[in-house]
Amino acid sequence: MTDQAVGLTAKHNQAAALVAEMTLEEKATLCSGKDFWHLDGVERLDLAPVMVTDGPHGLRKQVKDADHVGLNKSVPATCFPTACALAASWDVDLIERVGQALGQECAAEHVTVLLGPGLNIKRHPLCGRNFEYFSEDPYLSGKLAAAMVRGVQSQGVGTSIKHFAVNNQEHGRMFVDAIVDPRTLREIYLRGFEIAVREAQPWTVMCAYNRVNGTYCSEHDWLLNKILREAWGFRGLVVTDWGATNDRVEGVRCGLDLEMPSSGGVNDALVVAAVRNGYLREAELDTVVQRNVALSLLGTDLQANAHSVDLQAHHQLAHQAAVSSAVLLKNDNQCLPLSAAQHIAVIGAFAKRPRYQGTGSSQVNPTQLDNAWDAINTLAGNAQYAAGYEPKNSAPDQALIEEAVAIAQQADVAIVFVGLPNIYESEGFDRSDMNLPEQHNALVSAVAAVNPNTVVVLANGAPVTLPWASRVPAILETYLPGQAGGAVADLLFGLANPSGKLAETFVFSVDDIPAQANFPGGQRQVLYREGLYVGYRYFDSADKPVQFPFGHGLSYTRFDYGQPTLSRNNLAQGDTAWLTVPISNSGSMRGAEVVQLYVSLEQSEVYRPAQELKGFQKLALDAGETGVARFTLDDDVFKYFDHGHDDWVVEPGRYTLRIGASSRDIRQTINITLDSPQTPSAKAAAVQGPDLTRPHTVDDYTFAAMLDRPVPPPEPSRPFHVNSSVAEIGATWIGAKFKQRVVAGFQQTMGGHTSNDTLNKMFEEMANNLPLRGLVLFSRGKTSMAQIHFMLALLNHQYLRAIKLWWQLRKVRAETPT
């Protein structure tokens, strides 16, 4: 048992003793937050409140109480590259070091839990929050998340992996029902969480808002107890995403420990009543409270110690992370690296006013902010600048393009900085398309037409279409690089060698995405008809052309892959073998290569993707140096989930191990034969999976076979109910009036109106997608469920019931002191 596990066991024992001394009301109070950011305490037992706060790429501790997502200023903190960028580093050691730095900054601010990392699968590139997630691949997501968790928790600070589970869109995220077949659920959408839990034991897991196969995640016994705790051995607590509670009492019964934020005592009273009327056993409540108290005790230890932080060292680490996360997508004729002697045109407002992070609950107040223009000016002897567009909204402006063209014509090289403005992608809403702003595309095309040495630098949180890609020689993807984004100059001038690899696929068109016809769903339901065919699993299986494949990334040097060697050619189920591959840097510059292992079964009785990532290793090699990539081959590499057996199965057969620089750049292969007594179930063998030629249109018969049940009908939108959204009731005359007040009130609750168009749009979309029950929570009890039911009676034309409820409300108001 690790030291951390021993410490956690001791805290649980101490917590159990404290819970035994508590009254029922005290226990119920500890089931929800004290306010937006603190767990409650029990003063008479010397149990102090502790703080949690947003992450995951930097600390977002509010200067004062109030909003969730951030109009109130947060304390300065290092803004590291966002998850979409860090994932492109494929560097677990680097990400663990970033986690350590995050943990140190949390400890210095007496923050007990950093709310991250996020590891939801990038099912579709239009998900507005993809910048906060790692990858389209669960193995890569899980390994990177585990590294982040280890790093943060090594500093005595907890993490909260999120959002558990199947939260792959922002539209309708607080109520949508994700219908996923059991195999896809286990292999794609839960696998990353499983890896992070088993390898790193995060202190907390944050449950998602949405439903999974009919049940809200906050009261999903199968997810929270059967899978998370019993199957994976999770020992921490489950906390809601902010406002994700549907039925608090049912949540206690199903393993939901902590509701955030405070409901103003509304749900605490329901818990007390449920125990007293016998619906909820007090022993069930004790189990939940004990886990919450154990976390508070861990936080108390943190607050007792002094912590110092070297913010300049953390900025240098952010610089290193930005360098390691950039992906060189294209470099024809060795256009890069540049020479300081060249006359350089720097074009694009993002060069001076960088887009360096996403918008929403992860928004960090950086300790400092570098930009590419300043960094380039320190290295280049002759550089000129033109804005090219207005970064806030990038509205069409031909005059700005003409100004850019004028300096590009005179330069040896033109570097054009383009990407997605904040308002194009954010928490709270999904993107409408995969396009860059019209002005950005027009700018690149115009500059490329007059300068054949045009280098494009991208700043975006998710894949975009690049209609001009064939007309420029070099493209460098920096994603959202954090506060040290000026590090791009090191890459442009060859002071550093690009080593990033895509953790997601770049397609030619949004219509190429296998989930396109079922995103974001409709009628409160989204069907995951594409099954296992997510990202490269589909594109490689269908042999469909893509713009840049999963795992792709170029270097200024060259890496040669030697002959792979197996420790044994035949493997029995339950045994382990090792694969080694020599990798040589045969170029003239030090660099790093991400060696990727993909596995496929030549003949299988169940449907499988053509290949799946099962290992990776990043090797840093000097020019002329040879290193060795090593991979462990065990049951985890070969197993699939068999819904007929309701278990993981290792299918016997001849497997091909493919070693490559991307999913489409396989350099070496070797075969291994696996002997196993396990065989696929009849149910699993009968599932043919989606038709690769028509993944958008999986028929109900095939999907029902995948689900092992009939395809559930969509939920009717009428009559309205407590989980109807503000937008849904807004379709009625009365509801439209109410909606206006809710949107305005929600903005005020979250921090007030602002001149920031992105925040205003985010708040409006959040309010539109808010279930009516959420009004009680976010008002902290100022709006009552009785008032919600009164409004529902009016909306559903139940006028006698409305009159009765109105009289009851009037009576309560008359009896309530001012």
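Scroll up to find the structure this text is about.
Residues numbered from 1 in each chain as written. Predicted model: local features only at pLDDT ≥ 70, side-chain atom pairs only at ≥ 80, totals over all residues. Heavy atoms only, no water.

J.: Requested: an account of the overall build of the protein, with residues and values cited.
T.: If you tally the helices and strands in the protein, you get 26 helices and 29 strands. Over its C-alpha atoms the protein spans a radius of gyration of 27 Å, differing by no more than 12% from the 28 Å that the globule rule assigns to 818 residues. Each principal axis of the C-alpha distribution contributes one length, and for the protein these read about 80 × 70 × 55 Å. Residues counted as buried form 62% of the 818 residues belonging to the protein. Of the contacts formed within the protein by residues at least 6 apart in sequence, a portion of 77% connects residues at least 24 apart. (Helix = DSSP H or I, 4+ residues; strand = E, 2+ residues; numbered from the N terminus. Rg over C-alpha atoms; globule rule 2.2 N^0.38 Å. Buried < 20%, exposed > 50% of the residue type's maximum accessible area, 1.4 Å probe, protein only. Contact = heavy atoms within 4.5 Å.)

J.: Report on the nonpolar core, specifying residues and quantitative values.
T.: Residues Phe-164, Val-166, Tyr-189, Trp-242 and Leu-613 are the most contacted members of the largest nonpolar core, which totals 139 residues. Broken down by element, this core gets its largest block of residues, nine residues, from helix H5 (residues 138–153). With residues up to four places along the chain from it excluded, the contact list for Tyr-189 reads Ile-121, Arg-123, Val-166, Asn-168, Val-180, Thr-184, Tyr-528, Glu-530 and Val-534. Formed by 73 residues, the second largest nonpolar core is a distinct cluster that contains Val-323, Leu-328, Val-413 and Leu-436. (Core = buried A, V, L, I, M, F, W, Y, C linked by side-chain atoms within 4.5 Å.)

J.: Please provide a residue-by-residue account of the packing of aromatic side chains, values included.
T.: Applying the stated criterion across every chain, the model contains 19 aromatic pairs. Where Trp-90 meets Phe-616, the ring centres are 5.3 Å apart and the plane angle is 85 degrees; that geometry is what we call edge-to-face. Residue Trp-90 is found in the loop between helix H3 (83–89) and helix H4 (92–108), and its partner Phe-616 is found in strand E24 (residues 612–621); the two are separated by 526 residues along the sequence. Summarising the burial analysis for this pair, Trp-90 and Phe-616 share the class buried. Taken together, a centroid distance of 5.6 Å and an interplanar angle of 50 degrees make the contact between Trp-373 and Tyr-385 tilted. Of this pair, Trp-373 sits in helix H13 (residues 372–379) while Tyr-385 is found in strand E14 (residues 382–386), placing the two residues twelve residues apart along the sequence. For Tyr-385, a relative accessible area of 23% corresponds to the partly exposed category. Among the aromatic residues, those joined into a cluster by ring pairs are Trp-90, Tyr-139, Tyr-536, Phe-550, Tyr-598 and Phe-616. Stacked on the ring of Tyr-528, the Lys or Arg Arg-123 has its end atom at 3.9 Å from the ring centre. Geometry around Tyr-385 places Lys-352 over its ring, the cationic atom sitting 4.1 Å from the centre. (Phe/Tyr/Trp six-rings, centres within 6.5 Å; stacked < 30°, edge-to-face > 60°. Lys NZ or Arg CZ within 6 Å of the ring centre and 35° of its normal.)

J.: Can you tell me about the sheet that holds strand E18 (residues 525–527), naming the residues and giving the values?
T.: In spatial order, the strands read E9-E8-E6-E18; together these four strands make up an open sheet with mixed pairing. If you trace the sheet from one side to the other, it starts and ends with strand E9 (215–216) and E18, each paired once. Bridge count for strand E6 (residues 177–179) against strand E8 (residues 211–212) is two bridges, and the pairing is parallel. Pairing of Asp-177 across the sheet is with Arg-211, part of E8. (Pairing = 2+ DSSP bridges.)

J.: How would you summarise the side chain of Glu-219 if you had to cite specific residues and measurements?
T.: Looking at the secondary structure, you find Glu-219 in the loop between E9 and helix H8 (221–231). Here Glu-219 is buried and forms no salt bridge, its nearest opposite-charge partner Arg-773 lying at an N-O distance of 7.4 Å. The residues contacting Glu-219, other than those within four sequence positions of it, are Asn-246, Asp-247, Glu-250, Gly-251 and Cys-254. (Lys, Arg positive; Asp, Glu negative; His and termini not counted. Salt bridge = Lys/Arg side-chain N within 4 Å of Asp/Glu carboxyl O.)

J.: I'd love a proper account of the sheet that holds E14, names of residues and values included.
T.: Spatially, the six strands line up as an open sheet ordered E11-E17-E16-E15-E12-E14, and their pairing is mixed. Single-partner strands in this sheet number two, and they are strand E11 (327–331) and E14. Strand after strand, the sheet turns through a mean of 15 degrees between neighbouring axes, direction not considered. Relative to strand E12 (residues 343–347), helix H14 (residues 398–410) is tilted by about 160 degrees, and along the sheet it contacts E12, E14 and strand E15 (413–419). (Axes fitted to C-alpha atoms, helices over the stretch in contact; angles between N-to-C directions.)

J.: An account of helix H6 (residues 182–189) is needed here, citing residue identities and associated values.
T.: With seven of eight residues buried, H6 lies mostly within the body of the structure. Those residues of H6 lying buried are Arg-183, Thr-184, Leu-185, Arg-186, Glu-187, Ile-188 and Tyr-189. Between a side-chain oxygen at the N-terminus of H6 and the backbone nitrogen of Arg-183 the separation is 3.2 Å; the capping residue is Asp-181. (Polar contact = N/O pair within 3.5 Å; in protein donor to acceptor, adjacent residues only side chain to side chain.)

J.: Outline the pairing of strand E27 (residues 647–650), listing residues and values.
T.: Across four bridges, the pairing between strand E26 (residues 639–642) and E27 is antiparallel. Bridging from a neighbouring strand, Phe-641 pairs with Trp-648 of E27. Linking two consecutive strands that pair antiparallel, namely E26 and E27, is a turn of four residues; a positive phi of about 55 degrees is found at Asp-646 within it.

J.: Lay out the packing of H4 against helix H12 (residues 311–325) with the relevant residues and their values.
T.: A packed helix pair is summarised by two numbers, namely the angle formed by the two axes and the spacing between the axes. The geometry of H4 relative to H12 is characterised by a closest axis approach of 11 Å and an angle of 150 degrees between their N-to-C directions. Here H4 lies roughly antiparallel to H12, going by the angle between them. As for how H4 packs across H12, the hand of that crossing is left-handed. Facing H4, whose interface residues are Leu-94, Arg-97, Val-98, Ala-101, Gln-104 and Glu-105, H12 presents Leu-311, His-314, Leu-317, Gln-320, Ala-321 and Ser-324. Residue composition of the contact of H4 with H12, grouped by class: six nonpolar, four polar and two charged. (Parallel < 35°, antiparallel > 145°, perpendicular 65-115°, else oblique. Left-handed = near helix turned anticlockwise from the far one by under 90°. Nonpolar A, V, L, I, M, F, W, Y, C, P; charged D, E, K, R; others polar.)

J.: I'd like a description of unusual backbone geometry, backed by residues and values.
T.: Cis geometry marks the peptide bond from Gly-116 to Pro-117; its omega dihedral reads 5 degrees. Along the chain, Pro-117 falls in the loop between strand E4 (111–115) and H5. The linkage connecting Phe-519 with the following residue, Pro-520, adopts the cis geometry, with an omega of 0 degrees. Within the secondary structure, Pro-520 is located in the loop between helix H16 (488–492) and E18. Non-glycine residue Val-166 carries a positive phi angle of around 60 degrees. Mapping Val-166 onto the fold places it in the loop between strand E5 (158–164) and E6.

J.: Go over the environment of Thr-29, please, and point to the residues and values.
T.: Turning to its location among the elements, Thr-29 is positioned in helix H2 (residues 24–29). Under the relative-accessibility criterion, Thr-29 is labelled partly exposed at 27%. A C-alpha to C-alpha distance of 47 Å links Thr-29 and Val-323, two positions 294 residues apart in sequence. Not counting residues within four places of it along the chain, the set of residues in contact with Thr-29 comprises Asp-40 and Asp-268.

J.: Before we move on, can you summarise the pattern of salt bridges with the specific residues and values?
T.: If charged atoms from side chains of opposite charge come close, those side chains can pair. Overall, the coordinates contain 45 salt bridges when judged by the stated rule. A salt bridge links Lys-27 to Glu-282, with the nearest nitrogen and oxygen atoms 2.8 Å apart. Here Lys-27, found in helix H2, pairs with Glu-282, found in helix H11 (residues 282–303); they are 255 residues apart in sequence, far enough to count as distant. Lys-27 gets classed as buried once you look at its relative accessible area, which sits at 6%. One salt bridge connects Asp-512 with Lys-544, and the closest N-O pair in it is separated by 3.8 Å.

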